[in-house]
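# Coordinate inspection notes
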Amino acid sequence: MSTHVMSLDALHKSLEDLVLEPGAPSIPIELVTSADDLSGIGEREARWVEARGWKPSQGSVLLVPGENGEIEKVLFGTGGDDWAQDAPMLIGALPDALPAGDYRFSSTLSNPDLAVLGFLKGCYRFTRYKSGGESDVRRLVLPEGADRTHILALAEGVYLGRNLINTPANDLGPADLEAVARDIANSSGATIKVTEGSSLLADNFPMIHAVGRASDRSPRLIDLRWGAESAPRVTVVGKGICFDTGGLNLKPGNAMSLMKKDMGGAAAALAFAVMVMRTKLPIRLRVLIPAADNSVAGNAFRPGDVLQSRNGMTVEIGNTDAEGRLVLADALSLADEEAPDYLVTFATLTGAARVALGPDLPPFYSTDEAFAEGMLKSSHAVGDPVWRMPFWAPYDKLLKSNIADVNHISEGPFAGSVTAALFLKRFVEHAKRYAHLDIYGWVPRQQPGRPRGGEPHAARALYEYLRGELGA
Ligand code: BES
Ligand code: MN
Ligand code: ZN
C-alpha cells in the first residue's frame, strides 16, 4: 500500500543528515544569559554588539560578522525568566533566525539532548506540496554528552506526527493511517492487526463502524503490538478521525476548516510508538487506532440513534459531532480486556478543552495520583506541557439518558472536556491506571520549536515520564 506520507525510513535518513559529527566545520552559537557574559568577547565583536544595540534578552539572536563578511559566530540570548514555562524549547527559536548553514554550540549546555531536539523541532518544514523542492537546511553538530539515538528517535516521532496531521484529508484517509502504521511496524518488528469495514461488526466494534460507515473510505481498527511479553504493559489509544464534518450535525464552515487534524490523537500515539521503539524502551507497547471519517451520507448515524457498544452498554447519540468518544470507547473496551498497567488516550476530543486551557496546554486526566504527578513534572521538564483536570465524578450524571444506559454528551454547555473524559472512563474497568489527554494537535501561532501546523501534543511528555519510571 502506498501513501502520501513520507516513509519512516526516508524520514529517519533526512533527520540523520541534520546532525553532524563532532569536529565538523561549523559556525559557533554562544548562549548569552546576561550582559556580563559579553565581557569576554573580542573588541571588534563588542563594537558590533554595541552598534546593533543588541541585548541578550530571551530568544534574541545576533549574527556576528567576521573580517570577510562571513558569519563568524551567533549570539543567542537566554536571559530573564519571562518565558520561564516555555524555556525548555527556547533553543527551537534559533533555526528560524539563522541562514542555511552548519552550526555548533560553543557554550556548555545544561541539557544537550533537549537543546538539539529543540533545534531540530525548529527546523521542521512541511514541504510535501510545495513545487521546487527544498535546499535551505540548517544542520547542527552533536554536542558533547548528547545521545544521538535518543534525540533522533524523539525528533523522528515528532516529525512523523506533524507530517500526518499536516497531510490533508484527501491524501490521508483511514487506509493511509493503516499504511503508515504498517510502515512503523515493519521498521521495528512490531506485529499489526487491522479490522476493517463489516469485519468491525463481526468482531464487535459496533460504534467504530457506526461512525465510519457513511464514508466510502472504510473505517478500521488498527492494533499494533511491540516489545517483550514480560515488560510493563502500556497501551495507547489515538483518535483517528481523518476528517470530521460533524456528520448530520454538520459543523459550520469555519469550525470544519481545520478538521483534517482530527486524527491528531492517532498522530501522537504513533509518534510515541516511534520514540519507544527506536529507543527500545523496556515496555510492552500496544497502539490502538480507530480510524474513520465522520461523513455525511444517507447511511450516516443519526442524532437520537441508540448504539450498542463493544462492552454491551447502550449509548444514545446526542450529537453526531461527538464522534471521537464513540470510536475511542470501543477501542478502550478492547484495550481494557487485558488489564494493561497503563492505558492512555490521545484525542482531539473537544473544543471545550481549547476554551479552558488554550491550544498549547492539553488537559490531562488520570485515575492515578503518582502517574499524574510524574507526568506533569516530565511534561514541563521537556517543554511538552500538560495540565491536570479532574475526572469529576459528580458530573457523571450529566451523561444520563432517558432511554439508553448512557448519553454520550451532556445536554448543557458546561465542562465539555470533563464530561467527554468521564464518558471514556466508563469503558475502562480493569486497567491499572487510566489517563486521557484532550489535545489540540495544532499550533495556530508559531512558537520556539513549534512551527505553525500539526503537533503531536503530549507524546514526548508520556515518553519522558515512562523513561524515567521504567527506562534504563
Ligand atoms: N474534533 C472535535 C473537537 C475539536 C474541535 C477539537 C475543534 C479541536 C478543535 C470533536 O469531534 C467535536 O466536534 N466535539 C464537539 C462535541 C460536542 C458536540 C459535544 C465539540 O467540542 O464541539
Ligand atoms: Mn466532531
Ligand atoms: Zn472530532
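Because the structure is predicted, anything quoted here is derived from the model rather than measured.

Criteria and thresholds
- Residues numbered from 1 in each chain as written.
- Chains lettered and ligands numbered in written order.
- Predicted model: local features only at pLDDT ≥ 70, side-chain atom pairs only at ≥ 80, totals over all residues.
- Heavy atoms only, no water.
- Helix = DSSP H or I, 4+ residues; strand = E, 2+ residues; numbered from the N terminus.
- Contact = heavy atoms within 4.5 Å.
- Areas by Shrake-Rupley, 256 points an atom, 1.4 Å probe, with all protein chains shown as cover.
- Donors = N, O, S within 2.8 Å, 3.2 Å for Na, K, Ca; no water.
- Buried < 20%, exposed > 50% of the residue type's maximum accessible area, 1.4 Å probe, protein only.
- Patch = residues over 30% accessible without salt bridge, like charges linked within 9 Å, V, L, I, M, F, W, Y side chains within 5 Å.
- Salt bridge = Lys/Arg side-chain N within 4 Å of Asp/Glu carboxyl O.
- Near = heavy atom within 4 Å.
- Polar contact = N/O pair within 3.5 Å; in protein donor to acceptor, adjacent residues only side chain to side chain.
- Domains from an automatic or database assignment.
- Buried area = accessible area lost by both parts, 1.4 Å probe.
- Nonpolar A, V, L, I, M, F, W, Y, C, P; charged D, E, K, R; others polar.
- Core = buried A, V, L, I, M, F, W, Y, C linked by side-chain atoms within 4.5 Å.
- Pairing = 2+ DSSP bridges.
- Axes fitted to C-alpha atoms, helices over the stretch in contact; angles between N-to-C directions.

## A few points about the overall build of the chain
Per the secondary structure count, the chain includes 15 helices and 20 strands. Taken along its principal axes, the extent of the C-alpha atoms in the chain is 80 × 50 × 45 Å. Taking the contacts inside the chain whose residues are at least 6 apart along the sequence as the reference set, 77% of them involve residues at least 24 apart. As displayed, the chain offers around 19,100 Å² of accessible surface, 50% of which is attributable to carbon and sulfur atoms.

## Considering the coordination of the zinc ion (ligand 3)
The coordination sphere of the zinc ion (ligand 3) contains the protein donors Lys239 (NZ), Asp244 (OD), Asp262 (OD) and Glu323 (OE), at a distance range of 2.0 to 2.4 Å. Within one chain, the residues serving as donors to the zinc ion (ligand 3) are arranged as K-x4-D-x17-D-x60-E. A separation of 3.1 Å is found between the zinc ion (ligand 3) and the manganese ion (ligand 2), which share Asp244 as a coordinating residue. With Asp244 in strand β10 (residues 240–244) and Asp262 in the loop between α9 (253–256) and α10 (264–278), this pair connects stretches of sequence that are 18 residues apart. Residue Asp244 is classed as buried on the basis of its relative accessible area, which comes to 3%.

## Topic: the coordination of the manganese ion (ligand 2)
Taken together, the protein donors to the manganese ion (ligand 2) comprise Asp244 (OD), Asp321 (O), Asp321 (OD) and Glu323 (OE), at separations of 2.1 to 2.2 Å. Linear spacing of the donor residues for the manganese ion (ligand 2) on their chain is D-x76-D-x1-E.

## Details of a nonpolar patch on the surface
The grouping of Leu248, Leu250 and Val296 at the surface amounts to a nonpolar patch, some 260 Å² of accessible area in total. Looking at the element boundaries, Leu248 is found in the loop between β10 and α9. The class for Leu248 is partly exposed, based on a relative accessible area of 38%.

## Quick look at the site of ligand 1
Taken together, 16 residues sit near ligand 1, with Lys251, Asp262, Asp321, Glu323 and Gly351 positioned nearest. At 3.2 Å from an oxygen atom of ligand 1 is found a side-chain nitrogen or oxygen belonging to Lys239. Asp244 has a polar side-chain atom sitting 2.9 Å from an oxygen atom of ligand 1. In isolation ligand 1 exposes 520 Å². Once the protein is present, 80% of that is buried.

## As for the domain arrangement of the chain
In many reports, interface size means the accessible area that the parts give up when they come together. Each assigned domain of the chain is listed with its residue range as follows: domain 1 (8–146) and domain 2 (167–469). Taking the mean C-alpha position of each, domain 1 and domain 2 sit 36 Å from one another. If you sort the residues of domain 1 by the area they bury against domain 2, Leu8, Lys121 and Tyr129 come out on top, with a joint share of 37%. The tally of links from domain 1 across to domain 2 stands at 1 salt bridge. Between Lys121 and Glu455 there is a salt bridge, with its nearest N and O atoms 3.8 Å apart. The tally of links between domain 1 and domain 2 comes to 4 residue pairs in polar contact (both at pLDDT 80 or more). Elements with a contribution of two residues or more to the side of domain 1 that touches domain 2: α1 (8–16) and α4 (112–123). Per-class residue counts for the side of domain 1 that touches domain 2 are 11 nonpolar, 4 polar and 3 charged.

## A closer look at the nonpolar core
In terms of nonpolar packing, the biggest core is built from 93 residues, with Leu164, Leu177, Val236, Leu270, Phe272 and Leu285 touching the most fellow members. Element by element, the count of residues in this core is highest for α10, at 12 residues. Setting aside anything within four residues of it in sequence, one finds Leu177 in contact with Leu164, Leu172, Ile222, Gly240, Cys242, Met263, Ala266, Leu270, Ile289 and Ala291. Of all hydrophobic cores here, the second largest spans 42 residues; its members include Leu221, Leu288, Leu307 and Ala431.

## Comments concerning the sheet that holds strand β5 (residues 101–105)
An order of β1-β6-β5-β2-β4-β3 is seen for the 6 strands of this open sheet, with the pairing classed as mixed. Looking at the sheet topology across the chains shown, the edges are occupied by β1 (19–20) and β3 (61–65). Pairing between strand β2 (residues 27–32) and strand β4 (residues 71–77): 4 bridges, direction parallel. Counterpart to Ile29 in the pairing with β4 is Val74. Sheet contacts for helix α2 (residues 43–52): β3 and β4; angle to β3, the most-contacted strand, approximately 135°.

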